[in-house]
Amino acid sequence: MDWALFSSSFWPIVRGGLTGTIPLALASFAIGLVLALGIALMRLSTHPVVSWLGRAYVSLIRGTPLLVQLFVVFYGMPSIGIVINPWPSAIIAFSLNVGGYAAEVIRAAILSVPTGQWEAAYTIGMPRVTTLRRIVLPQAARVSVPPLSNTFISLVKDTSLASLILVTEAFREAQNIAAFSNEFMLLYLEAALVYWLICTVLSFGQTRIERRLERYV
Amino acid sequence: MSEALLAARGIRKSFGEHEVLRGVDLDVRRGQVIALIGPSGSGKTTLLRSLNGLETPSAGTLELDGGPSLDFARPVPKAQRFALRDRSAMVFQHHNLFPHLTVLQNVVEGPVQVRRVPRAEAEARALGLLERVGLADKRDAYPRQLSGGQQQRVGIVRALALGPDLLLFDEPTSALDPELVGEVLTVMKELADEGWTMVVVTHELSFARAVANEVLFLDGGVVLERGAPRDLFTDPQQERTRQFLHRILNPLD
Ligand SMILES: Nc1ncnc2c1ncn2[C@@H]1O[C@H](COP(=O)(O)OP(=O)(O)O)[C@@H](O)[C@H]1O
Ligand SMILES: [Mg+2]
């Protein structure tokens, strides 16, 4: 085991994580969540066309590989005249992807709020949108934290795919060092270790958020 | 006789093929307490929910003094349904308090978010109401930290906070442990004494006898019998009413 190489490459990989992996995951997750809420509400709409569009979106996203989605955005779009840089491409593809998966989580969470809550809000005069914002979503948020945390942790790992469209993140740093040092096993295991550390920290955070939300219900 | 507040005529409601209400008339005068009794599935909840706009009847008319006036033979405009809802407030069997809000927040949510009452003013009023039901010290508790009786009393205060003309109660004590029933009925009796107009679905015959001005016996979606509690309880005219009262008073027979 080449400890000197291990320790000299550790910081570049971690830096790739801090400046690539994590910002990429955070930005995609934030945008994806907003998108997911919209798709979830479309799915729940009583308007058949609207709910069908929502369902079609979820089906497309979940029924196709993330890598293919990424390649469509980065390598596919230029052939119809739309060239998007690696970073925006990655954020677009990951956001769209999270949007599809998280939409189902949010939809299930909204449906898990008892109808009595809608009715109580109705009888105190609340319009539907206010009910959703003030009464239903806060309760749905509580229910969706565990599955959404899992979505986020998966996303952090999936961002390694962005190395294939030239985004500099943790895994691409490891690949670069491996390429000139020829120590593939060492570098890829080291990359794995960095991802594992990030995900472990995130799991701790997840547990803490869940505890805080347990104040009620 | 005090003035009429609500007049319902020929209220019908079907769920698919199943006709749950088959032409119900109901008159409520200001300050009156009406008790609705009847076997399970007779349509009591559906009738009550129709008065609040939670259900839209398939036919019939509903008129509130000062508006709105609804005819369910035609599609009811949303604005009218909202107007109906704003005149009455519902206390549910399972309280339906908002679990993520404190007691005080539950009570001021309607006044602040819907009626746009300034928060400080709404809170002062809410605290006064909580005081009256003996729960001012629970203002910062979450619903799950309260007993069933306390939860139901907060549910009542939440309804009162909107200053409705009509209070609707759907079996407010039937989900409670027996020793907690009294505290809720006491609050309801005080409200009746203060002159609130109330329609109460209940199996608490002693409450109905002590508080109600009129009792309606609902069976199979129609009002089979109505009258003053004294008359209806001691000398029911219909065989079905007699059987029902007998079953309630002698559950083992
Ligand atoms: N939303 C609904 N959809 C279909 N059937 C319903 C619905 N609500 C009530 N019912 C039916 O209507 C009948 C009367 O119900 P309800 O008004 O709750 O009676 P009660 O309160 O007297 O027990 C029952 O048979 C019930 O199953
Ligand atoms: Mg009922």
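Our structure is the block above this text.
Please read all numbers here as calculations on a predicted model, not as lab measurements.

A separate point is a nonpolar patch on the surface. Taken together, the side chains of A:L67, A:F71, A:Y75, A:L164 and A:L166 make up a nonpolar region of the molecular surface, amounting to roughly 430 Å² of accessible area. Inspection of the secondary structure assignment puts A:Y75 in helix α3 (residues 66-76).

Another aspect to go through is the pattern of salt bridges. For the structure on display, the rule yields 20 salt bridges over all chains. Across the salt bridge formed by A:R43 and A:E104, the nearest N and O atoms sit 3.2 Å from each other. Here A:R43, found in helix α1 (residues 3-44), pairs with A:E104, found in helix α4 (residues 86-112); they are 61 residues apart in sequence, far enough to count as distant. Neither residue differs from the other here; A:R43 and A:E104 are each classed as buried. Here B:R30 makes a salt bridge to B:D65, at a shortest N to O gap of 3.1 Å. Separated by 35 residues along the polypeptide, B:R30 in the loop between β2 (18-29) and β3 (33-37) and B:D65 in the loop between β4 (59-64) and β5 (69-71) bring together distant segments of the chain. Judged by its relative accessible area of 33%, B:D65 falls in the partly exposed class. It is possible to trace a salt-bridge network through shared partners that takes in B:E3, B:R30, B:D65, B:R87 and B:D165.

Here we take up α3(A). Residue and element names in this part refer to chain A. Those residues of α3 that sit buried are L66, Q69, L70, V73 and F74. One face of α3 carries all of its buried residues, which in axial projection span an arc of 115°. Residues of α3 that are buried make contact with α2 (48-62), α4 and α6 (128-158).

Residues and elements named next belong to chain B. Its place among the elements puts L135 in the loop between α4 (119-132) and α5 (148-160). Residue classification places L135 among the buried residues on the basis of a relative accessible area of 2%. Distance in space between the C-alpha atoms of L135 and V154 is 7.8 Å, their sequence separation being 19 residues.

What follows covers the site of ligand 1. Residues and elements named next belong to chain B. Taken together, F15, H18, V20, P39, S40, G41, S42, G43, K44, T45 and T46 form the complete shell of residues around ligand 1. T46 places a side-chain nitrogen or oxygen 2.5 Å from an oxygen atom of ligand 1. In the complex, 60% of the free accessible area of ligand 1, which totals 560 Å², lies under the protein chains. Sorting the residues of the shell around ligand 1 by element identifies β2 and α1 (44-52) as the ones contributing at least two each. No other element matches the 3 residues that α1 contributes to the shell around ligand 1.

Let us look at the sheet that holds strand β8 (residues 197-201) of chain B. Residue and element names in this part refer to chain B. The mixed open sheet is built from 6 strands, whose spatial order is β6-β7-β8-β3-β9-β10. Of all strands in the sheet, those with a lone pairing partner are β6 (88-91) and β10 (222-227), marking the two edges. Direction aside, the axes of adjacent strands within the sheet are offset by 20° on average. Pairing geometry for β6 and strand β7 (residues 166-170), over 4 bridges, is parallel. Bridge pairing in β7 links V91 to F169.

Rules used in this analysis
Residues numbered from 1 in each chain as written. Chains lettered and ligands numbered in written order. Predicted model: local features only at pLDDT ≥ 70, side-chain atom pairs only at ≥ 80, totals over all residues. Heavy atoms only, no water. Patch = residues over 30% accessible without salt bridge, like charges linked within 9 Å, V, L, I, M, F, W, Y side chains within 5 Å. Areas by Shrake-Rupley, 256 points an atom, 1.4 Å probe, with all protein chains shown as cover. Salt bridge = Lys/Arg side-chain N within 4 Å of Asp/Glu carboxyl O. Helix = DSSP H or I, 4+ residues; strand = E, 2+ residues; numbered from the N terminus. Buried < 20%, exposed > 50% of the residue type's maximum accessible area, 1.4 Å probe, protein only. Arc of directions from axis to C-beta. Contact = heavy atoms within 4.5 Å. Near = heavy atom within 4 Å. Polar contact = N/O pair within 3.5 Å; in protein donor to acceptor, adjacent residues only side chain to side chain. Pairing = 2+ DSSP bridges. Axes fitted to C-alpha atoms, helices over the stretch in contact; angles between N-to-C directions.

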